[in-house]
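# A structural walkthrough
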Amino acid sequence: LDRMETIAVDGYTDVEKLAIARNHLLPKQLELHGLRPRDLDVVLTDEMLRAIVEGYTREAGVRSFERQIAKVLRK
């Protein structure tokens, strides 16, 4: 580390996490669980995703957020 410069990178904002979930995480988890969006009786709205981010994830990234989405889809 004495020869390297450390660069601090901020984590994602809640708005960015919601966009990542809508565009990438949710479609990925639906496919992994063998679900199609039109077959679902439950719809994950932006408000629901926001509640997951604010209440169940405490990290700068989205790994925990993706795990929580997967947990909801398994239920």
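What comes next concerns the included structure. Because the structure is a prediction, the values reported are computed rather than measured.

## Digging into the pattern of salt bridges
As enumerated under the stated definition, the model contains two salt bridges in all. Of the charged contacts, one joins Arg22 and Asp46 as a salt bridge, the two residues approaching to 2.9 Å between their closest N and O atoms. Here Asp46 lies in helix α2 (residues 46–56) and Arg22 lies in helix α1 (residues 14–32), a separation of 24 residues in the sequence.

## Observations concerning the packing of α1 against helix α3 (residues 63–74)
Viewed as axis vectors pointing N to C, α1 and α3 meet at an angle of 50 degrees, and their least axial separation amounts to 10 Å. By the criterion of interaxial angle, the relationship of α1 to α3 is oblique. Where α1 crosses over α3, the two elements pack in a sense that is right-handed. From α1, Lys17, Ala21, Leu25, Leu26, Lys28, Gln29 and Leu30 reach across to α3, where they touch Phe65, Glu66, Ile69, Ala70 and Leu73. Among the residues forming the contact of α1 with α3, the class breakdown is eight nonpolar, one polar and three charged.

## What about the packing of α2 against α3?
Relative orientation and spacing of two packed helices are given, respectively, by the angle between their axes and the distance between those axes. Viewed as axis vectors pointing N to C, α2 and α3 meet at an angle of 125 degrees, and their least axial separation amounts to 10 Å. In terms of orientation, α2 lies oblique with respect to α3. By crossing handedness, the relation of α2 to α3 is classed as right-handed. Contacts from Leu49, Ile52, Val53 and Tyr56 of α2 reach α3 at Ser64, Phe65, Gln68, Ile69 and Val72. When the residues that make up the contact of α2 with α3 are grouped by side-chain class, the tally is seven nonpolar, two polar and no charged.

Each value, and the rule that gives it
- Residues numbered from 1 in each chain as written.
- Predicted model: local features only at pLDDT ≥ 70, side-chain atom pairs only at ≥ 80, totals over all residues.
- Heavy atoms only, no water.
- Salt bridge = Lys/Arg side-chain N within 4 Å of Asp/Glu carboxyl O.
- Helix = DSSP H or I, 4+ residues; strand = E, 2+ residues; numbered from the N terminus.
- Axes fitted to C-alpha atoms, helices over the stretch in contact; angles between N-to-C directions.
- Parallel < 35°, antiparallel > 145°, perpendicular 65-115°, else oblique.
- Left-handed = near helix turned anticlockwise from the far one by under 90°.
- Contact = heavy atoms within 4.5 Å.
- Nonpolar A, V, L, I, M, F, W, Y, C, P; charged D, E, K, R; others polar.

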